[in-house]
Amino acid sequence: MRGKRMAAIGVTCGLALFVTACGEAPDSDSGNEAVAKDFKACMVTDTGGVEDRSFNASAWQGMNAAVEAEPAVEVAVKESQTEADYETNLVGFINEGCDLIVAVGGLMGEALTTVATDYPDQRFAIVDANLSDLPNVYSMEFNAAQSSFLAGYLAAGTSETGKVATYGGLNIPPVTIFMDGFAEGVDYYNEKNDADVAVLGWNHKSQDGSFAESFEDAAKGKSLTENFVSQGADVIFPVAGKTGLGTPTVTQTDDSLSSIWVDLDGCESASEYCEEFLTTSEKNIPDAVSAAILSARDGGPKDGHSIGTLENGGVSLAALRADVDADLAAEIEEVKAAIIAGDITIESIAQPKE
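The rules behind each value
Residues numbered from 1 in each chain as written. Predicted model: local features only at pLDDT ≥ 70, side-chain atom pairs only at ≥ 80, totals over all residues. Heavy atoms only, no water. Pairing = 2+ DSSP bridges. Helix = DSSP H or I, 4+ residues; strand = E, 2+ residues; numbered from the N terminus. Axes fitted to C-alpha atoms, helices over the stretch in contact; angles between N-to-C directions. Contact = heavy atoms within 4.5 Å. Phe/Tyr/Trp six-rings, centres within 6.5 Å; stacked < 30°, edge-to-face > 60°. Buried < 20%, exposed > 50% of the residue type's maximum accessible area, 1.4 Å probe, protein only. Salt bridge = Lys/Arg side-chain N within 4 Å of Asp/Glu carboxyl O.

Chemist: Can you explain the sheet that holds strand β10 (residues 235-239)? Please cite residues and give values.
Modeler: Pairing in this open sheet of six strands is mixed, and the strands run β7-β6-β10-β11-β12-β14 from one edge to the other. Only two strands of the sheet have a single partner each, and these edge strands are β7 (198-200) and β14 (315-317). Mean inter-strand twist for the sheet, computed between neighbouring axes without regard to direction, equals 20°. As paired strands, β10 and strand β11 (residues 258-263) are joined by two bridges and run parallel to one another. What sits directly across from Ile-236, in β11, is Ser-259. Along the sheet, helix α7 (residues 218-230) contacts β6 (163-168), β7 and β10; its crossing angle with β6, the most-contacted strand, is approximately 155°.

Chemist: Explain the side chain of Thr-247 to me, using residue names and the numbers behind them.
Modeler: Within the secondary structure, Thr-247 is located in helix α8 (residues 246-251). The contact partners of Thr-247, leaving out residues within four places of it in the chain, are Tyr-167, Gly-221, Thr-225, Ile-236, Pro-238 and Ser-259.

Chemist: I'd like a rundown of the packing of aromatic side chains, residues and numbers included.
Modeler: Considering all chains together, one arrives at nine aromatic pairs under this definition. Ring plane angle 85° and centroid distance 5.7 Å describe the contact between Trp-202 and Phe-211, whose orientation is recorded as edge-to-face. When the ring of Trp-261 is compared with that of Phe-277, the centres are 5.5 Å apart and the planes differ by 35°; the resulting orientation is tilted. Here Trp-261, found in strand β11, pairs with Phe-277, found in strand β12 (residues 277-283); they are 16 residues apart in sequence, far enough to count as distant. A residue is classified by how much of its surface remains accessible, and Trp-261, at 1% relative accessible area, is buried. Residue classification places Phe-277 among the buried residues on the basis of a relative accessible area of 0%. In this structure an aromatic cluster arises from ring pairing among Phe-149, Tyr-153, Tyr-188 and Tyr-189.

Chemist: Hey, could you go over the pattern of salt bridges for me, with residue numbers and the actual values?
Modeler: Using the criterion set out here, one finds eight salt bridges in the structure. The salt bridge involving Arg-297 is made with Glu-70; its shortest N-O contact spans 3.8 Å. Of this pair, Arg-297 sits in helix α10 (residues 285-297) while Glu-70 sits in the loop between α2 (55-69) and β2 (73-78), placing them 227 residues apart in sequence. Among the ionic pairs, Asp-298 bridges to Arg-297, the shortest N-O distance being 3.6 Å. One connected set of salt bridges, linked through shared partners, spans Asp-38, Glu-70, Arg-297 and Asp-298.

Written out as structure tokens, the structure reads:
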């Protein structure tokens, strides 16, 4: 059996406890003395849903973290079943009197642009897109190429077969930024260690690779993983929400195989597979969302643009699995410092721009 994790990072949100069958958040003060609510923050998910164990789940953590920090904040969520629901859910929350509406996922950018333009007095925020040209939208992006560069270096240094792999849910920048960083991290490992580890599933130079065309199809993720394993890959990095859960179902059948999770620490969000994950390439969406809500409640600017980086803690690697070689772990810390110092240049075209 693989080693336990070196340390736990963060606190499990307990998603199922926060979401009712109709997708609304219950009163966070149930069973306690009532607190008068003076600000309502509302979240619209993309089709992955609030329990995607990835970026929607991360955003929902942030919503509830805002309530913990300020009990006068009330939160609610609507889950989109199809892309056609995006505008409907956004407008629905306007009609329900939400003070701030948070759209989660780059796929919601077009819908939010339309709605924010039609309702200029309504405050919005969005995760994984830059709509900073709109005066009523606060944009939150994350340079996940940086944390994924470290993940790629780790994968290459861990691989026994000399082959690692990655796949995405859809070919969109919030996905390919992870895949780019991963592939570039493998390249850097090869350069520094005179190695020849190959990346299956993504060519960051040609921007071609493997996609499940879904963030919800674990069976497709399993199929893609089995195909990579059949080609010799022993570390798999899915960037695909619920679809990615198909990967650890494969790696758990063979102790020579490992996975790396994405967005939200896999040992929290998919704890049943914790031993499969070497680490997680994290985006600190919870803190960004919580801060956006509290700023809006305090009357902060309606627009703006934040970018999470390794330097500011907006992206990171979760704790490494305990069986990761100590020398390799030390090298990864050195690579992290070099990225922060600007001594390593990451080329991903999907990186957010100021």
